[in-house]
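Topology and contacts: notes
The lines below spell out each chain.
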Amino acid sequence: MIRRKPIIAGNWKMNNTMEEAEKLVAHLLGLIEKRDREVVICPSFVCLSRTAELLKDHDVALGAQNMHYEDNGAFTGEVSPLFLKEVGVTYVILGHSERRHIFGEKDDLINKKVKATLKHDMNPIVCVGETLEERESNVTFEIIKNQVYGSLAGLEKEKMGKLVIAYEPVWAIGTGKTATKEDANEVIGYIRKLLAEKFGKEAGDKTRILYGGSVKPANIKELMDMEEIDGALVGGASLKAVEFSEIANYDI
Ligand code: G3P
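This structure is a prediction, so every number in the text was calculated from the model and none was measured.

If you look at soluble globular proteins, the nonpolar side chains tend to sit buried side by side. Grouped together as the largest cluster of nonpolar side chains are 66 residues, with contacts concentrated most on L152, I191, L195 and Y211. Ranked by residue count, the leading element in this core is helix 8 (residues 181–199), at eight residues. Residues contacting L152, with those up to four places away along its chain left out, are N111, V114, V126, L163, I165, L195 and F199.

Taken together, 13 residues surround the ligand, and among them H96, G174, S214, G235 and G236 come closest. One nitrogen or oxygen atom from the side chain of N11 is found 3.0 Å from an oxygen atom belonging to the ligand. Measuring from an oxygen atom of the ligand, one finds a backbone N or O atom of G174 at 2.6 Å. When the free accessible area of the ligand is taken as 310 Å², the share hidden by the protein chains comes to 95%. The class makeup of the residues in the shell around the ligand is four nonpolar, seven polar and two charged.

Of all residues except glycine, most have a negative phi; of all peptide bonds, most are trans. Located in the positive-phi region is K13, a residue other than glycine, with phi close to 55°. One non-glycine residue with positive phi stands out, namely N16, at about 80°.

This part takes up the packing of aromatic side chains. Scanning the entire structure with this criterion turns up two aromatic pairs. Look at F141 and Y190: their rings are 4.8 Å apart centre to centre, the planes differ by 90°, and that puts the pair in the edge-to-face class. Taken together, the positions of F141 in helix 7 (residues 140–151) and Y190 in helix 8 put the pair 49 residues apart, joining distant regions of the chain. The class for Y190 is buried, based on a relative accessible area of 16%. Here the basic side chain of R37 rests over the ring of Y250, its NZ or CZ set 4.0 Å away from the ring centre. The ring of Y149 has K198 sitting right over it, with the charged end atom 4.7 Å from the ring centre.

Next up on the list: a nonpolar patch on the surface. On the surface, a cluster of nonpolar side chains totalling about 270 Å² of accessible area is made up of M18, F45 and V46. If you trace the backbone, F45 turns up in helix 2 (residues 45–55).

With twelve residues, helix 7 should cover 16 Å at 1.5 Å per step; its first-to-last C-alpha distance of 16 Å lies within 8% of that length. Buried residues of helix 7: T140, I143, I144, Q147, V148, Y149 and S151, and no others. Next to the buried residues of helix 7 lie helix 4 (97–101), helix 5 (107–119), strand 5 (123–128), helix 6 (132–136), strand 6 (164–167) and helix 8.

A word on the packing of helix 7 against helix 8. Contact pair helix 7 / helix 8: the axes reach a minimum separation of 10 Å and the direction vectors enclose 45°. By the angle between their directions, the pair helix 7 and helix 8 is classed as oblique. Considering how the two elements wind past one another, helix 7 and helix 8 form a crossing that is right-handed. For the pair helix 7 and helix 8, the contacting residues are T140, F141, I144, K145, V148 and Y149 in the first and E186, V187, Y190, I191, L194, L195, E197 and K198 in the second. For the contact of helix 7 with helix 8, the residue count by class is nine nonpolar, one polar and four charged.

The next point concerns helix 11 (residues 241–248). For an α-helix, the turn length of 3.6 residues means that residues three or four places apart are oriented alike. Every buried residue of helix 11 is accounted for by A241, F244, S245, I247 and A248. Along the axis of helix 11, the buried positions cluster into a sector of 155°, meaning they face one direction only. Considering only its buried residues, helix 11 is in contact with strand 1 (7–11), helix 1 (18–29), strand 2 (38–42), helix 10 (217–224) and strand 8 (231–234).

What follows covers the sheet that holds strand 5. Reading around the barrel, the eight strands line up as 1-2-3-4-5-6-7-8 and close back on themselves, with parallel pairing between neighbours. The average undirected angle you get between the axes of adjacent strands in this sheet is 25°. Sitting on the sheet, helix 2 is in contact with strand 2 and strand 3 (61–64), with an inclination near 175° to strand 3. Packing of helix 8 onto the sheet brings it into contact with strand 5, strand 6 and strand 7 (208–212), and relative to strand 7 it is tilted by some 150°.

Cut-offs used in this document
Residues numbered from 1 in each chain as written. Predicted model: local features only at pLDDT ≥ 70, side-chain atom pairs only at ≥ 80, totals over all residues. Heavy atoms only, no water. Core = buried A, V, L, I, M, F, W, Y, C linked by side-chain atoms within 4.5 Å. Buried < 20%, exposed > 50% of the residue type's maximum accessible area, 1.4 Å probe, protein only. Helix = DSSP H or I, 4+ residues; strand = E, 2+ residues; numbered from the N terminus. Contact = heavy atoms within 4.5 Å. Near = heavy atom within 4 Å. Polar contact = N/O pair within 3.5 Å; in protein donor to acceptor, adjacent residues only side chain to side chain. Areas by Shrake-Rupley, 256 points an atom, 1.4 Å probe, with all protein chains shown as cover. Nonpolar A, V, L, I, M, F, W, Y, C, P; charged D, E, K, R; others polar. Phe/Tyr/Trp six-rings, centres within 6.5 Å; stacked < 30°, edge-to-face > 60°. Lys NZ or Arg CZ within 6 Å of the ring centre and 35° of its normal. Patch = residues over 30% accessible without salt bridge, like charges linked within 9 Å, V, L, I, M, F, W, Y side chains within 5 Å. Salt bridge = Lys/Arg side-chain N within 4 Å of Asp/Glu carboxyl O. Expected span 1.5 Å × (residues − 1). Axes fitted to C-alpha atoms, helices over the stretch in contact; angles between N-to-C directions. Parallel < 35°, antiparallel > 145°, perpendicular 65-115°, else oblique. Left-handed = near helix turned anticlockwise from the far one by under 90°. Arc of directions from axis to C-beta. Pairing = 2+ DSSP bridges.

Here's what the structure looks like:
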């Protein structure tokens, strides 16, 4: 069995004022145990810089929740990869279902962002996932294939090492409904197969693929016990220091 280093990432979404962020990070840093895995937290853009200061000298990485693909220019309201690099961001969530469904992001835009993230030597966490309607219409695998191939089109094989994918079924996000561990494992195994077909066996074997959707302390272990699942992208539970630390400290 191939071992890939697990990643537990917390996506705060549009939550936490600066004061709340400071309290949460301070509390969390006292609870996270050093184990053989990467822990990432992804605050709002506004809190990135302060969070970076608090994480200094700690083994927790900083992630952003989105990014524009150009370095600079007339893009009102957008955030450049250069800004993220400057504050110490190493992971960038891209194509989250909320970006896809609320803000209309499509695979070709996500693809440009993925390439820009890699160009600037950061790790993209590319999110894919089907809606409930799509799952019930039995088109999950087709949807996943289109999203994976669309968002990763034209990627150079040499850059694949930094790529992280998160499978987040839309119907499991913030609903309390987790995909069964078998369903999550099956779709993630399928994504791995798609990567191998398109980018070679090594890409399939080495790319870390996370599960996201109502992950909590009670289900992290069973998810992480599955062969294909390399970690979790956590929303709601990442806003509570005790819960997130219990997820990050799960026992192997
Ligand atoms: O990106 C994380 C995510 O969308 C899952 O959210 O609240 O279901 O853990 P949640």
